[in-house]
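Structure at a glance
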Amino acid sequence: MTYNQEVMRLTDERWQAITHNDHSYDDIFIYAVKSTGICCRPSCKSRDPKKENVRIFKDVEEALTEGFRPCKRCKPVGIRLPEEEWVVQIQEYINSNYHESLSLEVLANICHGSPYHLQRTFKRIIGLTPTEYIQQVRISNAMKELTAHKKSIAEVGLAVGLPNTTYFITFFKNRIGQTPKQYQKTMMEVQKSGEK
């Protein structure tokens with residue numbers, strides 16, 4: 001085994017350094033999280049990643065070469081990620097995980113920033129708060145689900161991260177002007193008339 005191959009492995013010792021935010025390992029390795037595309041120092045105070053999503057690098061340059069971006073919280077390259085790129089990371093995370101329970105605190109932890117800074121920066125760059133953006137993504141995906149599949153309203157709500165069916169129906173109607181069932185029926189009629 002070469003030195004480089006050994007450095008690339010996630011050993012129990014390295015995993016402990018990550019989960020315990022051990023500063024003494026900061027000059028020894030950098031870890032990256034595949035699901036977020038972010039690389040961090042072992043001492044980073046962000047939420048612990050899933051072990052299967054972690055990659056180990058000997059230094060930050062190696063992680064950057066592999067396409068990972070530096071964490072805004074622990075700044076492994078000593079500079080901050082441009083805010084526009086950070087917001088793109090947040091959007092990408094929301095677009096892939098809208099079906100999960102997402103809050104400002106969860107996003108801030110995952111995307112390595114403070115909730116206040118995330119809220120303010122996201123709103124300034126996108127024109128929507130993170131919560132408004134999540135709602136927009138959920139509605140858009142609910143409309144696709146209702147049009148493309150014959151799922152129940154409860155199944156669609158669950159699929160887009162709104163497991164409370166009553167809340168999902170009210171939320172959908174407030175946004176679209178129809179209940180999900182009405183919208184689904186309208187779209188089925190449009191599809192049938194288009195087939196004739």
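Residues numbered from 1 in each chain as written. Predicted model: local features only at pLDDT ≥ 70, side-chain atom pairs only at ≥ 80, totals over all residues. Heavy atoms only, no water.

**A closer look at the pattern of salt bridges**
Close approach of charged atoms lets side chains of opposite charge pair. We count it as follows: Whenever Lys or Arg places a side-chain nitrogen within 4 Å of a carboxyl oxygen from Asp or Glu, that contact is recorded as a salt bridge.
Tallying each qualifying case throughout the model produces six salt bridges. Across the pair K151 and E145 runs a salt bridge whose closest N-O atoms are separated by 2.8 Å.

**Observations concerning the packing of aromatic side chains**
Quick reminder of the rule: Each Phe, Tyr or Trp ring (for Trp, its six-membered ring) is paired with any other whose centre lies within 6.5 Å, and the angle between the two planes then decides the class: stacked below 30 degrees, edge-to-face above 60, tilted in between. Strands are runs of DSSP state E lasting at least two residues, helices are runs of H or I lasting at least four, and both sets are numbered from the N terminus onward. Relative accessible area decides the class of each residue, using a 1.4 Å probe on protein chains only: under 20% of the type maximum gives buried, over 50% gives exposed, and in between gives partly exposed. Two limits define a charge over a ring: the Lys NZ or Arg CZ must be within 6 Å of the ring centre, and within 35 degrees of the ring normal.
Summed over the entire model, instances satisfying the criterion amount to six aromatic pairs. Centroid distance Y167 to F171: 5.8 Å. Interplanar angle 15 degrees. Geometry classified as stacked. Of this pair, Y167 and F171 are both found in helix α9 (residues 165-176), four residues apart, which corresponds to roughly one turn of the helix. The class of Y167 is partly exposed, set by a relative accessible area of 44%. Given a relative accessible area of 9%, F171 falls into the buried group. Centroid distance F172 to Y183: 5.6 Å. Interplanar angle 65 degrees. Geometry classified as edge-to-face. A residue pair is termed long-range when its members are at least 10 positions apart, and F172 in helix α9 and Y183 in helix α10 (residues 180-195) qualify at 11 residues. Classification of Y183 as buried rests on a relative accessible area of 10%. One aromatic cluster is present, built from ring pairs that chain together F168, F172 and Y183. Between the NZ or CZ atom of R14 and the centre of the ring of F29, over which it lies, the distance is 6.0 Å.

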